[in-house]
Amino acid sequence: MAAHMRFARAAVQIFPTKCFSPRLHGCSNVNIPVRYCSSTAAKRGLVLGVYEKREGVKLTPGADLYNQQTGGKLAEYIRLAGPTIKKGKSRVFYGLDETYSAVAVVGLGAQGLGVNELEGFHEGKENLRAAAANGVRQLRDILGTSTIEVDGCSDAEAAAEGADLGLFAYDDLKAEDKRKKPVETQLLKDSGSPEGWTKGSLLADGQNFARKLMEMPASHLTPTTFASITGEKFGSIGNVEFEARDRAWAESMKMGAYLSVTNGSEEPPVFVEVKYSGSPNSSAAPLVLVGKGITFDTGGISLKPPAGMDMMRGDMGGAATVSGAIAAIAALKLPINVVGLIPLCENMPSGRATRPGDVVTAMNGKTIQVDNTDAEGRLILADALCYAHSFNPRAVIDLATLTGAIDVALGSAAAGVFSNSRVLWNLLHDAGVSTGDRLWRMPLFSHYTRQISPSQLADLNNTGKHGRQAGACTAAAFLREFVQCPQWAHLDIAGVMANKDEVPYLNKGMAGRPVRTLVQFAAKLANQKWI
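Residues numbered from 1 in each chain as written. Predicted model: local features only at pLDDT ≥ 70, side-chain atom pairs only at ≥ 80, totals over all residues. Heavy atoms only, no water.

**Q** Looking at this structure, how should I read the nonpolar core?
**A** Here is a general trend for soluble globular proteins: nonpolar side chains tend to be buried in one another's company. Among the nonpolar cores identified, the biggest contains 64 residues, and Leu 287, Ile 397, Leu 428, Leu 491 and Phe 521 are the most heavily contacted of them. Sort the elements by how many residues they give to this core and helix H10 (residues 317-332) lands first, with 9 residues. For Ile 397, the contacting residues outside a window of four places in its chain are Leu 287, Val 288, Leu 289, Val 290, Leu 424, Leu 428, Ala 489, Leu 491, Leu 518 and Phe 521. With 50 residues, the next largest nonpolar core counts Val 288, Val 370, Leu 444 and Val 483 among its residues. (Core = buried A, V, L, I, M, F, W, Y, C linked by side-chain atoms within 4.5 Å. Buried < 20%, exposed > 50% of the residue type's maximum accessible area, 1.4 Å probe, protein only. Helix = DSSP H or I, 4+ residues; strand = E, 2+ residues; numbered from the N terminus. Contact = heavy atoms within 4.5 Å.)

Quick look at the structure:
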């Protein structure tokens, strides 16, 4: 009996007829007739969008076409379902036609929304991403393994981003029956641009790749395995050169700051170098992306407190986002040359680990007094930034889950940006507005440089002399000491490392932000002539 009831529930169909009429769950004072029947239809779902009106809803062009194909049943079911489907809300209908086992109708909010200057993003695109994610998640829970077609809602790129980002789950290490069922997403025919859908899917794939890397436990993602996984990813894309360098190479380059962090771990360091040549001029100056790659951060001798330390598996977020961004840039074949530099290691305590007060020498010859071994990210970035200049870069962007201070300042609303170039900042800002993954400019005053230089024993100190005061700013000031390029930006992504419920189209867990913003920035930079 129980088995029969479960089967019947999965096959509920709604018809405006005079038959047995239970109340629709979640709606008050509305009786919708239903008919229970068995179904042999293939598991195929459909997500359609509707806009809010003062009374009722307005169908998107894709939804309107489907409504015509069903003889107006869609509009009738929406009317019978009760209250207006507002932004972020949805209804699921069964038995509208023989093609789809279930149809999710999702609210997009008001029609025609553009850039919200106060919020700093394109409101219409963000609403669509959230709605698409909501719809495909609901249908996956209902249908299990299935194919889900998604209404492009006149912006297929944003719809694909929301759908594919919303379905991401890292459950590789769980039992088979505990994993989310695989779902294939497709663009509903004639509801948007197929090219836009493909682009959105590739952008989402890049961010999801970064999310997977960040979620993997340190027992499964060492510097060596990180290099192996990313190397395989880039190999599948093509037009990308990949090289993983060892400790001996770093020693030959005199990367004393980077190597000082690696000393405490049994895992060997790996310095990954990725080159994508997309420009028609193969010798054109590249955009260099540098990502912090601490695959696990205990804090070293300056040991972190145990609470929440498991999240430090994501301290290679900079490396992951650089990897995801270059994967998407290469897949999209953007006309720009890009170099990715990823110093990888663990930060562990041991008898060989760097001690507070030790002095190390960076690649450019500057000495650094290491007063806090938990401020290790800036040390490995220092040498990577020095090395970045050997490529005669067009611009340099480094990304790192660098400071808790940026989380205190901005939370998860935006990544903090420190830059020596207004032009570069404007491009980054505009990219964030388009993707919804926002950036916020922070100060890079000489005031902060005076807090890290000079140090008692060396040229620089890896922490500010006033303790926790302006910690994100003093960290950026430290990095600036290793930068010569006039077009440089440092992105502190510690605050956006993980998602709880702030971004509705991302599940709880590692966020992979801001991969899509980096890709959009690269596309904008490719069309600039003055950088």
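**Q** It is not clear to me how helix H2 (residues 61-69) should be interpreted in this structure. Could you clarify?
**A** Every α-helical turn comprises 3.6 residues, leaving residues that sit three or four positions apart pointing alike. Among the residues making up H2, those that are buried are Gly 62, Ala 63, Tyr 66 and Asn 67. One side of H2 carries all its buried residues, which in axial view fall inside an arc of 140 degrees. Looking at H2, the residues exposed on the side facing more than 90 degrees away from the buried face are Pro 61 and Gln 68. Its buried side turned inward, H2 meets strand S3 (44-52), strand S4 (57-59), helix H3 (73-80) and strand S6 (102-107). The positive-phi residue at the C-terminal boundary of H2 is Gly 71, with phi of around 70 degrees. (Arc of directions from axis to C-beta.)

**Q** So what exactly am I meant to see when it comes to the pattern of salt bridges here?
**A** In a structure, side chains of opposite charge can pair up when their charged atoms sit close to one another. Summed over all chains, the structure comprises 25 salt bridges. Arg 438 serves as the salt-bridge partner of Glu 119, at 3.4 Å between the closest nitrogen and oxygen. Highlighted residues: Glu 119 in the loop between strand S7 (115-116) and strand S8 (121-122) and Arg 438 in the loop between helix H13 (422-435) and strand S20 (439-441), separated in sequence by 319 residues. As a salt-bridge pair, Lys 304 and Asp 297 come within 3.6 Å of each other at their nearest N and O atoms. (Salt bridge = Lys/Arg side-chain N within 4 Å of Asp/Glu carboxyl O.)

**Q** In this structure, what is going on with the side chain of Arg 137? I would like to understand it.
**A** For Arg 137, the position within the fold is in helix H4 (residues 123-143). Despite its burial, Arg 137 pairs with no opposite charge, the nearest such side chain being Asp 141 at 7.9 Å. Reaching out from Arg 137, the side chain makes a polar contact with the backbone oxygen of Gly 166 at a distance of 3.0 Å. In contact with Arg 137, other than residues within four places in its own chain, are Gly 166, Leu 167, Pro 504, Tyr 505, Leu 506 and Asn 507. (Lys, Arg positive; Asp, Glu negative; His and termini not counted. Polar contact = N/O pair within 3.5 Å; in protein donor to acceptor, adjacent residues only side chain to side chain.)

**Q** Please explain the domain arrangement of the protein chain as it appears in this structure.
**A** Much of the literature gives interface size as the accessible area that the parts lose upon coming together. Taken domain by domain, the protein chain consists of domain 1 (45-192) and domain 2 (213-527). Taking only C-alpha atoms into account, the centre of domain 1 sits 36 Å from that of domain 2. At the junction of the two partners, domain 1 supplies 19 residues and domain 2 supplies 15 residues. Carbon and sulfur atoms make up 56% of the area that domain 1 and domain 2 hide from each other, which totals about 1400 Å². If you look at where domain 1 meets domain 2, you find 2 salt bridges. Between Glu 161 and Arg 516 there is a salt bridge, with the nearest N and O atoms lying 3.5 Å from each other. Across the contact surface, domain 1 and domain 2 share 11 residue pairs in polar contact (both at pLDDT 80 or more). With 6 residues, H4 is the single largest residue contributor to the side of domain 1 that touches domain 2. (Domains from an automatic or database assignment. Buried area = accessible area lost by both parts, 1.4 Å probe.)

**Q** When you look at the packing of aromatic side chains in this model, what are you seeing that I'm missing?
**A** Remark: the centre distance and the inter-plane angle together describe each pair of aromatic rings, the angle taken between the planes. For the structure shown, the criterion picks out 10 aromatic pairs. Ring geometry for Tyr 258 against Phe 271: centres 6.0 Å apart, planes inclined by 70 degrees, an arrangement best described as edge-to-face. Taken together, the residues span a long stretch of sequence, with Tyr 258 in helix H9 (residues 256-262) and Phe 271 in strand S12 (residues 270-277) at a distance of 13 residues. Residue Tyr 258 shares its accessibility class with Phe 271, and that shared class is buried. With a centroid separation of 5.9 Å and an interplanar angle of 10 degrees, the aromatic rings of Phe 445 and Tyr 448 are classed as stacked. We note Lys 233 situated over the ring of Phe 209; from NZ or CZ to the ring centre the distance is 5.1 Å. (Phe/Tyr/Trp six-rings, centres within 6.5 Å; stacked < 30°, edge-to-face > 60°. Lys NZ or Arg CZ within 6 Å of the ring centre and 35° of its normal.)

**Q** How should the UniProt feature "domain: Cytosol aminopeptidase" (unreviewed entry) in the protein chain be read in this particular structure?
**A** Annotation from UniProt places "domain: Cytosol aminopeptidase" (unreviewed entry) at residues 372-379. The straight-line gap between the two end C-alpha atoms of residues 372-379 is 11 Å; of that span, 38% is helix and 0% is strand. (UniProt positions renumbered as here; feature names shortened; annotations may be inferred.)

**Q** Would you explain unusual backbone geometry in this entry?
**A** Trans is the common state for peptide bonds, and a negative phi is the common state for residues other than glycine. Going from Ser 453 to Pro 454, the amide bond is cis rather than trans, its omega being -5 degrees. Residue position: Pro 454 is located in the loop between helix H14 (446-449) and strand S21 (460-461). With a phi angle near 55 degrees, Lys 333 is a residue other than glycine that sits in the positive phi range. Residue placement: Lys 333 occurs in the loop between H10 and strand S15 (337-347). Positive phi, close to 50 degrees, is recorded for Asn 392, a residue that is not glycine. With respect to the secondary-structure elements, Asn 392 resides in the loop between helix H11 (377-388) and strand S18 (395-400).

**Q** Would you mind showing me how to read the pairing of strand S22 (residues 488-492) here?
**A** Side chains on a regular strand alternate between the two faces of the sheet. For S22, a buried count of 5 out of 5 residues is recorded, marking the element as mostly surrounded by other parts of the structure. Alternating positions in S22 separate into two faces, Trp 488, His 490 and Asp 492 on one and Ala 489 and Leu 491 on the other, with burial throughout. Across 5 bridges, S18 lies against S22 in parallel orientation. Across the sheet, the residue bridging to Val 396 is Trp 488, located in S22. Bridge count between strand S19 (residues 415-419) and S22: 4 bridges; the pairing is antiparallel. Residue pairing in the sheet places Ser 419 in a bridge with Ala 489 of S22. (Pairing = 2+ DSSP bridges.)

**Q** Would you take a moment to explain the state of the cysteines for this structure?
**A** Every disulfide links exactly two cysteines, by a covalent bond between their sulfur atoms. Overall, the coordinates contain 0 disulfides when judged by the stated rule. No disulfide involves Cys 485; its sulfur sits 13 Å from that of Cys 386, the nearest cysteine. (Disulfide = S-S within 2.5 Å.)

**Q** I'm lost on the sheet that holds strand S17 (residues 367-370) in this one. Help?
**A** Sheet strands associate in pairs through backbone hydrogen bonding, adopting either a parallel or an antiparallel arrangement. Strand order in this open sheet of 3 strands is S16-S17-S21, and the pairing throughout is mixed. The sheet is open, and its two edges are formed by strand S16 (358-361) and S21, each paired on a single side. As paired elements, S17 and S21 share 2 bridges and run parallel to each other. Looking at the pairing, Ile 368 lines up with Leu 460 of S21.

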